[in-house]
Amino acid sequence: MTTQQQFSFATRPLVPFAHDYTHGETEPWHSHSCAQLLHTLSGVVRVETGQGIWIVPPGRGVWLPAGTQHRLLITGDVAARTLFIDPFARADLPSVCQVVQISTLLRELIVASLQLPESYAAGSRAERIYELILDEIRGIGVLPFNLPEPQAPALLALCRQIQAEPGTKWTTALAAKTLNISERTLLRHFRQQTGLAFSEWLRRARLMEALNRLAQGQSVLRVALDLGYESHSAFSAMFRRTLGVAPSDYFPPEAPSGNAFSKA
């Protein structure tokens, strides 16, 4: 989409960009000299960086600071609406990668920005929209859809094994046995390396895999059982606690129509 593009901020603080992906598409490793807010209206995007993995469900976004090396993997049909932002547009823009909540206001501002001219007069509607977008980004809410990766080779191998076998009953005892270390050592090193407790990392790994599978149209029951949950209700309870809605309501069978899906 934009791996080779350069963006000019000579006349405006951000450049909006619309692009639709089909299931299975990828973007290779690349970076931008500007910051990026990638917002998805449908489908799921997996963003891989050197710091970890970030899953962007529909209606959310991912913030990537300037210079962040990343690649994209697409699940489902993704309608992406991206802002490329001058890193000097605001002094307090986010400085780390994060999956973020996109408010209704910010979503509509992003869509409106696709229609705006590159140059505009001071005090004009265009200037107010650009400035309000930047104000909204400063107060954006962070969501727990990242999966930090440890640097230690043994722990990294364990994490990759867990991701490859999400349905296994991954207890602390089993993980420690896999590495031939004590449970206490595993828990201490895991938190030091990832910033998360092992149980929280495992829950996130399963949730992120669930989002990918649900986006592909798999049934809630199949996803629940494949990921090691004992029942549909146990999985749904976890999903609702984290995302506020039941998994059956999270991916509607058909995307809503309207301006939000217009490339403009």
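For every chain, the first residue of the written sequence is number 1, and numbering continues from 1 onward in sequence order. Where totals are concerned, whole chains, interfaces and linings use all residues; where local detail is concerned, this predicted model gives features only for residues with pLDDT of at least 70, and gives and counts side-chain atom pairs only at 80 or more. Heavy atoms throughout the structure, all of them, feed into the side-chain values; hydrogens and water do not.

**Student:** Sorry, what's going on with the overall build of the protein chain here?
**Tutor:** When helices and strands are counted, the protein chain shows 9 helices and 9 strands. Relative to the globule expectation of 18 Å for 264 residues, the C-alpha radius of gyration of the protein chain, 20 Å, shows essentially globular dimensions. Each of the three principal axes of the protein chain carries a C-alpha extent, and together these read 65 × 40 × 30 Å. Burial classes: relative accessible area under 20% of the type maximum marks a residue as buried, over 50% as exposed, and values in between as partly exposed (1.4 Å probe, protein chains only). Looking at the 264 residues of the protein chain, the share that counts as buried comes to 49%. Within the protein chain, contacts between residues at least 6 apart in sequence are counted, and of these 72% link residues at least 24 apart. All accessible-area figures derive from a Shrake-Rupley calculation using a 1.4 Å probe, and residue coverage is judged against the displayed protein chains alone. Summed over all atoms, the accessible surface of the protein chain reaches about 12400 Å², with 50% contributed by carbon and sulfur. Counted charges follow a simple rule, with Lys and Arg positive, Asp and Glu negative, and His plus the chain ends left uncounted. Positions of charges follow a simple convention, taking NZ of Lys, CZ of Arg, CG of Asp or CD of Glu. Averaging the coordinates of the 24 positive side-chain charges in the protein chain and doing the same for the 22 negative ones gives two points 7 Å apart. For helices the rule is a DSSP run of H or I covering at least 4 residues; for strands it is a run of E covering at least 2, with both sets numbered from the N terminus onward. A radius of gyration in this sense is built from C-alpha atoms; the matching globule rule multiplies 2.2 Å by the number of residues raised to 0.38. Should any heavy atoms of two residues lie within 4.5 Å, those residues are counted as being in contact.

**Student:** What is the right way to look at unusual backbone geometry in this model?
**Tutor:** Leaving glycine aside, a negative phi is the common case for residues, and trans is the common case for peptide bonds. The phi dihedral of Asn180 falls on the positive side, at around 60°, and the residue is not glycine. Structurally, Asn180 is set in the loop between α4 (172-179) and α5 (183-194). Accessibility expressed as a relative area gives 72% for Asn180, which makes it exposed.

**Student:** Honestly, helix α6 (residues 198-215) in this entry has me stumped. Any pointers?
**Tutor:** Three or four residues apart is the spacing at which side chains of an α-helix point the same way, because the helix has 3.6 residues per turn. Helices are assigned an expected span. That span is 1.5 Å times one less than the residue count. Along its 18 residues, α6 runs 26 Å from first to last C-alpha, staying within 8% of the 26 Å computed at 1.5 Å per residue. Taken across its 18 residues, α6 has 14 buried, putting it largely inside the fold. Just downstream of α6, Gly217 is the residue with a positive phi angle, here 95°.

**Student:** How should I be thinking about the environment of Gln218 in this particular structure?
**Tutor:** Considering the arrangement of structural elements, one finds Gln218 in the loop between α6 and α7 (220-226). The contact partners of Gln218, leaving out residues within four places of it in the chain, are Arg213, Val223 and Asp226.

**Student:** Can you walk me through the side chain of Arg81 in this structure?
**Tutor:** Considering the arrangement of structural elements, one finds Arg81 in strand β6 (residues 70-85). Under this definition, polar contacts are N or O atom pairs within 3.5 Å; protein pairs additionally need one hydrogen-donor-capable and one acceptor-capable atom, and for neighbouring residues in sequence, both atoms have to be side-chain atoms. Polar contacts involving the side chain of Arg81 include one to the side chain of Asp20, which spans 3.1 Å.

**Student:** In this structure, what is going on with helix α8 (residues 232-243)? I would like to understand it.
**Tutor:** Under the 1.5 Å per step criterion, the end-to-end length of α8 is 16 Å for 12 residues, consistent within 8% with the ideal 16 Å. All buried positions along α8 are accounted for by Phe235, Ser236, Met238, Phe239 and Leu243. Each buried residue of α8 lies within a common arc of 160° when the element is viewed along its axis, so the set occupies one face. Summarising the geometry of α8, the exposed residues directed more than 90 degrees from the buried face are Ser233 and Arg241. Taken together, the buried residues of α8 touch β5 (60-64), α6, α7 and α9 (247-250). Just past α8, the residue Gly244 takes up positive phi, approximately 85°. When we speak of the arc, we mean the arc of directions from the helix axis to the C-beta atoms.

**Student:** Would you take a moment to explain the nonpolar core for this structure?
**Tutor:** Side chains of a nonpolar character, in soluble globular proteins, are inclined to be buried together. Grouped together as the largest cluster of nonpolar side chains are 51 residues, with contacts concentrated most on Val45, Val47, Val62, Trp201, Leu211, Phe235 and Phe239. Of the residues forming this core, the biggest block, 10 residues, is contributed by α6. Leaving out residues up to four positions away in the same chain, Leu211 has contacts with Val44, Ile55, Pro57, Phe145, Phe239, Leu243, Tyr250 and Phe251. Nonpolar core, defined: a set of buried Ala, Val, Leu, Ile, Met, Phe, Trp, Tyr and Cys residues in which side-chain atoms within 4.5 Å join the residues together.

**Student:** Quick question: what am I supposed to make of the packing of aromatic side chains here?
**Tutor:** For any two aromatic rings, the description comes down to two numbers: the centre-to-centre distance and the angle of the planes. Each Phe, Tyr or Trp ring (for Trp, its six-membered ring) is paired with any other whose centre lies within 6.5 Å, and the angle between the two planes then decides the class: stacked below 30 degrees, edge-to-face above 60, tilted in between. Applying the stated criterion across every chain yields a total of 7 aromatic pairs. With a centroid separation of 4.1 Å and 15° between ring planes, the pair formed by Phe7 and Phe84 is classed as stacked. Of this pair, Phe7 sits in the segment before β1 (14-21) while Phe84 sits in strand β6, and the two are 77 residues apart along the sequence. Across the pair, exposure class does not vary: Phe7 and Phe84 are buried alike. Joined through ring pairs, the aromatic side chains of Phe7, Phe17 and Phe84 make up one cluster.

**Student:** Whenever I open this one, the state of the cysteines confuses me. Can you help?
**Tutor:** Each disulfide consists of one covalent bond between the sulfur atoms belonging to two cysteines. In this description, a disulfide is simply a cysteine sulfur pair whose atoms lie within 2.5 Å. Applying the stated criterion across every chain, the model contains 0 disulfides. Free cysteine: Cys97, not disulfide-bonded; nearest cysteine sulfur from Cys34 at 13 Å. Considering cysteine sulfurs only, Cys97 is the nearest to Cys159, which forms no disulfide, with 18 Å between them. What makes Cys159 buried here is its relative accessible area of 1%.

**Student:** Please clarify how the packing of α6 against α8 should be interpreted in this entry.
**Tutor:** Describing two packed helices takes the angle between their axes plus the distance from one axis to the other. Close contact between α6 and α8 brings their axes to 11 Å; oriented N to C, the two are set at 95°. Relative to α8, α6 is oriented roughly perpendicular. Residue-level contacts link Arg203, Leu207, Ala210, Leu211 and Leu214 of α6 to Phe235, Met238, Phe239, Thr242 and Leu243 of α8. The classification used treats Ala, Val, Leu, Ile, Met, Phe, Trp, Tyr, Cys and Pro as nonpolar, Asp, Glu, Lys and Arg as charged, and all other residues, Gly among them, as polar. Here the residues of the contact of α6 with α8 sort into 8 nonpolar, 1 polar and 1 charged. In this description, a line fitted to the C-alpha atoms serves as the axis of each element, helices being fitted only across the stretch in contact, and the angle between N-to-C directions of two axes falls anywhere from 0 to 180 degrees. Between 65 and 115 degrees an angle is taken as roughly perpendicular, under 35 as roughly parallel, over 145 as roughly antiparallel, and anywhere else as oblique.

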